[in-house]
Each structure stands twice: as C-alpha cells, then as structure tokens.
Amino acid sequence: MISKRSGQFISFEGSEGSGKSTQAGMVHDYLKKKNIPVMLLREPGGVKISEAIRGLLLDVKNTDMTKESETLLYMASRAQLVEEVLKPALKKGTVVLCDRFLDSTIAYQGYGNGVNVEAIKKIGAFATQGIAPGLTLLFDIDTEKGLSRTNAVKDRIELRSLDYHKKVRKGYLAIAKKEPKRVRVIKVNQGKEEIFEIVRKHVDEFLGIPKYPAPIRCP
Ligand code: TMP
C-alpha cells in the first residue's frame, strides 16, 4: 500500500471563490493526522522565485502585461517550483498537494484569454518536465457566486470581467470532460464539511487508503 501512495500528486483547481484552497488545507491536515508524508504547495508561488513572479502577475499596476508574457510567467513560476520542490518531494515518496497547476493556465490563459491551448500544453510539458497530477479535484461554482466570495481588494486576474471568468469556468469543465478519470468535478453547493466528505473519498481511493483501519488482531 505504501508503494501505491508514494510519489502521488494531487492538484486542486477551480475558478475564483470555489473554496479549493480551504479543501487543499483540509486534505493536508487529514493526511498529516494519518502520518502520511504530505506537502502542500500553491501556484503561482511556493518558493522564493515563484513568489516573486506571483507578485508581478497579480499586481494591478501591471495593466500592460501581454497575454503571452503572462502565460510564460505562470510557466516560469511553475518550472521553478517543479525543479526546486515538487520533483524532489515526489521522488522521496511524499504526497504532494498543489493548489493550482497546469490546468489553471489552460483554463485562465487558454480558454479565458484566447492563448493557443496546444501551445500552452507544449510549453507546459517543458516547464513541468512532464510531471502531472494523477488526480485533479475541480471545484465548480457558479461564476457570480464565486466572485462574490473573493476578497474586497481584487488582484489583476480577479478584476477581469464576468465574461472572462465565465469562459474560465467553461474551460475547466471542458478539461474535465476530456479527462474524466483524472479530473473529478465537485459541485460547490453545500458546506465545507460536506464537500470535504466527497473530497476525502476521492483522495482515499486515489491513495489506496482503506475505508476502515485494519482491526487489531489479538495474539
Ligand atoms: P489563487 O487566487 O488561487 O492564489 O491564484 C492566483 C490567480 O492566478 C488566480 O486568479 C488564478 C490565476 N492563475 C492563472 O491565471 N493562471 C495560472 O496558471 C495560475 C496557476 C493561476
């Protein structure tokens, strides 16, 4: 069972206000309590250089950033995170949880902003060295509802139009339709504990965690 768990990579995806970061944190706590080696990362960011790139990407002052430049910056942040932390962690057998990964670029820059999706996939393969999540949990929420749940102070991406964010959501659902085995859609229409029950089942199945702990046998 340990070998099935080792080197497992799970990503958390969704449009604004979907609650994916909360759920990623809950999965992190859940696995830690089970003494499973686990690491929680976020994108863009996670390491010093990637956090600096995050600052550039989300700064509302960068209104003149082109969509190509934006795409490549997300990829640069990802390449740094993969080489510095993600790859070594997977090699060590740590379960890696990542709050966003390549699907975010396909949804936000590709479907949302019209960057060629095939080009994103090619650059993505280079940036990630081919490392991809085995399980992706996609948190799907009504776009307006999701946006209303974000902070009052918006970043450069959150400030984009409702139409843009609707395209992002559609993009995510298109990705899920193409890869139903990897991408599990979770409707955000109930409380976080109820949603976590669904999330936990997917995680348990993926990592091979038994539903009930084995009974203690008396000699
Ligand atoms: P966060 O709000 O989940 O921390 O993500 C930061 C923002 O960056 C969010 O608006 C989504 C956006 N984003 C992209 O547009 N493309 C990407 O590849 C990633 C990882 C995030």
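Quantities reported herein were computed from a predicted structural model and do not represent experimental measurements.

A. How the structure looks around the site of the ligand. Surveying the vicinity of the ligand reveals 14 residues, the closest of which are Glu16, Arg54, Arg100, Thr105 and Gln109. One of the side-chain nitrogen or oxygen atoms of lysine 20 is found 3.0 Å away from an oxygen atom of the ligand. Take threonine 105: an N or O atom from its side chain is 2.6 Å from an oxygen atom of the ligand. Only α3 (48–58), α4 (67–92) and α5 (102–112) provide two or more residues apiece to the shell around the ligand. No other element matches the four residues that α5 contributes to the shell around the ligand. Split by residue class, the shell around the ligand holds five nonpolar, three polar and six charged.

B. Fine view of the pattern of salt bridges. For the coordinates displayed, the defined rule picks out 14 salt bridges. The salt bridge involving lysine 87 is made with glutamate 83; its shortest N-O contact spans 3.3 Å. In this pair, lysine 87 and glutamate 83 both sit in helix α4, four residues apart, roughly one turn of the helix. Taking relative accessible area as the criterion, glutamate 83 reaches 45% and is therefore assigned partly exposed. Residues arginine 182 and aspartate 103 are paired through a salt bridge, measuring 2.8 Å at the closest nitrogen-oxygen approach. Residue arginine 182 is located in the loop between α8 (162–178) and β5 (183–187), and its partner aspartate 103 is located in helix α5; the two are separated by 79 residues in the primary sequence. Exposure class is identical for arginine 182 and aspartate 103. Each is buried. Taken together, the salt bridges that share partners define one network made up of Glu70, Arg156 and Arg160.

C. Focus on the confidence of the model for the chain. Summarising the model, the chain shows a mean pLDDT of 94, and 95% of its residues fall at 70 or more. Long-range and interchain partners of residues 1–6, a stretch whose pLDDT sits below 50, account for ten contacts in this model, where long-range means more than four residues apart.

D. How the structure looks around the environment of alanine 125. Tracing the backbone shows alanine 125 in helix α6 (residues 117–128). In this structure alanine 125 comes out as partly exposed when scored by relative accessible area, which is 43%. In sequence terms alanine 125 and alanine 79 are 46 residues apart; their C-alpha atoms lie 9.8 Å from each other.

E. Main features of helix α2 (residues 20–33). Here α2 is 14 residues long and its end C-alpha atoms lie 20 Å apart, about the 20 Å a rise of 1.5 Å per residue gives. Within the sequence span of α2, burial applies to Lys20, Gln23, Ala24, Gly25, Met26, Val27, His28, Tyr30 and Leu31. Once α2 ends, the next one or two residues include asparagine 35, with phi positive near 60 degrees.

F. How the structure looks around the side chain of serine 50. With respect to the secondary-structure elements, serine 50 resides in helix α3. Residue classification places serine 50 among the buried positions, given a relative accessible area of 0%.

G. Representation of the nonpolar core. Among the nonpolar cores identified, the biggest contains 36 residues, and Phe9, Leu41, Leu86, Val96, Phe101, Tyr108 and Tyr172 are the most heavily contacted of them. Broken down by secondary-structure element, the contributors of at least two residues to this core are α3, α4, β3 (95–99), α5, α6 and α8. Look past the residues within four positions of valine 96 in its chain and what remains in contact with it is Gln8, Phe9, Ile10, Met39, Leu41, Leu86, Ala89 and Leu90. The next biggest cluster of nonpolar side chains, apart from the first, holds 24 residues, and it includes Met26, Val38, Phe206 and Ile209.

About the criteria used
Residues numbered from 1 in each chain as written. Predicted model: local features only at pLDDT ≥ 70, side-chain atom pairs only at ≥ 80, totals over all residues. Heavy atoms only, no water. Near = heavy atom within 4 Å. Polar contact = N/O pair within 3.5 Å; in protein donor to acceptor, adjacent residues only side chain to side chain. Helix = DSSP H or I, 4+ residues; strand = E, 2+ residues; numbered from the N terminus. Nonpolar A, V, L, I, M, F, W, Y, C, P; charged D, E, K, R; others polar. Salt bridge = Lys/Arg side-chain N within 4 Å of Asp/Glu carboxyl O. Buried < 20%, exposed > 50% of the residue type's maximum accessible area, 1.4 Å probe, protein only. pLDDT = per-residue confidence, 0-100. Contact = heavy atoms within 4.5 Å. Expected span 1.5 Å × (residues − 1). Core = buried A, V, L, I, M, F, W, Y, C linked by side-chain atoms within 4.5 Å.

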